[in-house]
Amino acid sequence: MNGKNLILLVGQSNMSGRGFLTENDIYEIPGLTAIRRDFEWIPAIDPFNFDRLNLLGLNDSQDPFEVRGLTIGDKRRCGVGPGRTFGKLFLEKFSDHPVGLIPASIGGTPIASWLPGGKDPHSEAHPYDDALVLARKAMEQGEIVAVLWHQGESDANSHTENYKEKLQTVIANFRNDLDLHHVPFILGGLGDFLDASWNAETYNQMIRQVANETPLAGFASAENLVDRGDKLHFDTASQYILGARYFAEYCRITGK
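Residues numbered from 1 in each chain as written. Predicted model: local features only at pLDDT ≥ 70, side-chain atom pairs only at ≥ 80, totals over all residues. Heavy atoms only, no water.

### Description of the overall build of the protein chain
No. 1: Secondary structure assignment for the protein chain yields eight helices and eleven strands.
No. 2: Compactness check: the protein chain gives a C-alpha radius of gyration of 17 Å against a globular reference of 18 Å for 256 residues, within 12% of the reference.
No. 3: Counting only C-alpha atoms and orienting by the principal axes, one finds that the protein chain spans roughly 45 × 45 × 35 Å. (Helix = DSSP H or I, 4+ residues; strand = E, 2+ residues; numbered from the N terminus. Rg over C-alpha atoms; globule rule 2.2 N^0.38 Å.)

Right, here's the structure in full:
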């Protein structure tokens, strides 16, 4: 294979990342890049996901993708997800090719937004359709070798019916539309800290079942991880652990 080993990052806010930035998150890792929504490849320095950066505006006099500080004014910057850790570990183990991240997750998106034509309820974005566009552009530079998925909080909150079947459809659609039938698809577990009224454990069980029943799929557990104080998003240290668990699943699935 020539070009980059590509990692597709999809789902909602915990995949985008809401962990607060530290010095560990804002230095360049040689060989690790991310594609942004205008198709430019940039160093994978957190935050690199669209939904953390669009609020600043690409047309701002200072390109938000080039900002490397830990704060904006008096506010802490957030955007640490599992993707950078996964990419770093992948690059360390498989160093023959550079690694390119495809950040396509959007915070707050229910599973319905990840079906063809589905719309983000909070913006004009169409998460699934937009992810295909971004992925296909990235694939001009390499080959997708893994898909990382983290989603389900919105559906646990709203008690979505038939979530398991919809998740199975999402995986099948990605594999069919991007020809990823031989690519590991790794699903992340929901945090233990979510509001008890959401009955999140039921959705966690469904996510785990889908991983167990789907060929070349895996489950990255969120057991014993902690939130950043909002009972919704993983803190930075937990995101590092989650990224490592995704990578361990990748190695288990592929036998590498």
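Having put the structure on the table, let's press on.
### Topic: the layout of surface pockets
No. 1: One number sums up the size of the largest pocket: a volume of about 220 Å³.
No. 2: What lines the largest pocket is a set of 15 residues, and nearest its centre among them are N5, E143, V145, Y250 and K256.
No. 3: Those elements that provide at least two residues to the lining of the largest pocket are β9 (142-150) and α8 (236-254).
No. 4: Looking at the lining of the largest pocket element by element, the count peaks at three residues for β9. (1 Å grid on protein atoms, 1.4 Å probe; cavity = no way out; pocket = protein on both sides within 12 Å on 5 of 7 lines; lining within 4 Å. Points joined across faces, edges and corners; volume = space filled by probe spheres on them.)

### Observations concerning unusual backbone geometry
No. 1: Cis peptide bonds are those with omega within 30 degrees of zero, and the linkage from D46 to P47 qualifies with -5°.
No. 2: Take P47: it is sitting in the loop between β4 (41-43) and α2 (50-53).
No. 3: One non-glycine residue, H159, lies in positive phi territory at about 55°.
No. 4: If you trace the backbone, H159 turns up in the loop between α5 (153-158) and α6 (163-178).
No. 5: Accessibility expressed as a relative area gives 44% for H159, which makes it partly exposed.
No. 6: Positive phi, close to 55°, is recorded for D179, a residue that is not glycine. (Buried < 20%, exposed > 50% of the residue type's maximum accessible area, 1.4 Å probe, protein only.)

### Digging into the nonpolar core
No. 1: If you look at the biggest cluster of nonpolar residues, it comprises 67 residues, and the most contacted ones within it are I7, W149 and F174.
No. 2: With residues near it in sequence (within four places) discarded, F174 still touches L8, V10, W114, Y128, A131, L132, D179, L180 and F185. (Core = buried A, V, L, I, M, F, W, Y, C linked by side-chain atoms within 4.5 Å. Contact = heavy atoms within 4.5 Å.)

### Points about the pairing of β9
No. 1: When you tally the buried positions in β9, you get eight out of nine residues, the bulk of the element.
No. 2: Strand direction decides the pairing type here: β9 and strand β10 (residues 185-188), joined by three bridges, are parallel. In the sheet register, W149 faces β10, and the bridge partner there is L187. (Pairing = 2+ DSSP bridges.)

### Details of the packing of aromatic side chains
Geometry of an aromatic ring pair is reported as the spacing of the ring centres plus the angle between the planes.
No. 1: Tallied over the full model, the rule gives 15 aromatic pairs.
No. 2: Between Y163 and Y203, the aromatic rings sit 5.4 Å apart at their centres with planes inclined by 70°, giving edge-to-face as the arrangement. Here the residue Y163 occupies a position in helix α6, and Y203 occupies one in helix α7 (residues 200-213), the gap between them amounting to 40 residues.
No. 3: Using a relative accessible area of 1% as the deciding quantity, one classes Y163 as buried.
No. 4: Classification of Y203 by relative accessible area gives buried; the value is 4%.
No. 5: The structure contains a cluster of three or more aromatic residues connected by ring pairs, namely F86, F90, F94, F247 and Y250.
No. 6: In this structure, K4 packs its charged tip against the face of W41, placed 4.7 Å from the ring centre.
No. 7: Taking NZ or CZ as reference, K256 lies 5.5 Å from the ring centre of F94, over its face. (Phe/Tyr/Trp six-rings, centres within 6.5 Å; stacked < 30°, edge-to-face > 60°. Lys NZ or Arg CZ within 6 Å of the ring centre and 35° of its normal.)

### As for the side chain of N5
No. 1: Mapped onto the fold, N5 is located in strand β1 (residues 4-11).
No. 2: Ignoring any residue separated from it by four or fewer positions in sequence, one finds N5 in contact with F90, F94, H97, P98, V99, G100, E143 and V145.

### Considerations on α6
No. 1: With 16 residues, α6 extends 23 Å between its outermost C-alpha atoms, agreeing within 8% with the 22 Å of an ideal straight helix rising 1.5 Å per residue.
No. 2: Turning to α6, its buried residues number three or more, namely Y163, K164, L167, V170, I171, N173, F174, R175 and L178. (Expected span 1.5 Å × (residues − 1).)

### Re the sheet that holds β10
No. 1: Strand order in this open sheet of seven strands is β4-β3-β8-β1-β9-β10-β11, and the pairing throughout is mixed. On the outer flanks of this sheet lie β4 and β11 (217-220), each paired with one strand and no other. Sheet twist, expressed as the mean angle between neighbouring strand axes with direction ignored, is 30°.
No. 2: The pairing of β1 with β9 spans eight bridges and is parallel. Residue pairing across strands places K4 opposite G142, the latter belonging to β9.
No. 3: Together, β1, β3 (32-35), β8 (99-103) and β9 form the strand contacts of helix α3 (residues 83-93), whose direction differs from that of β8 by roughly 160°.
No. 4: Contacts between α7 and the sheet are confined to β10 and β11, with β11 contributing the most and set at about 145° to the helix. (Axes fitted to C-alpha atoms, helices over the stretch in contact; angles between N-to-C directions.)

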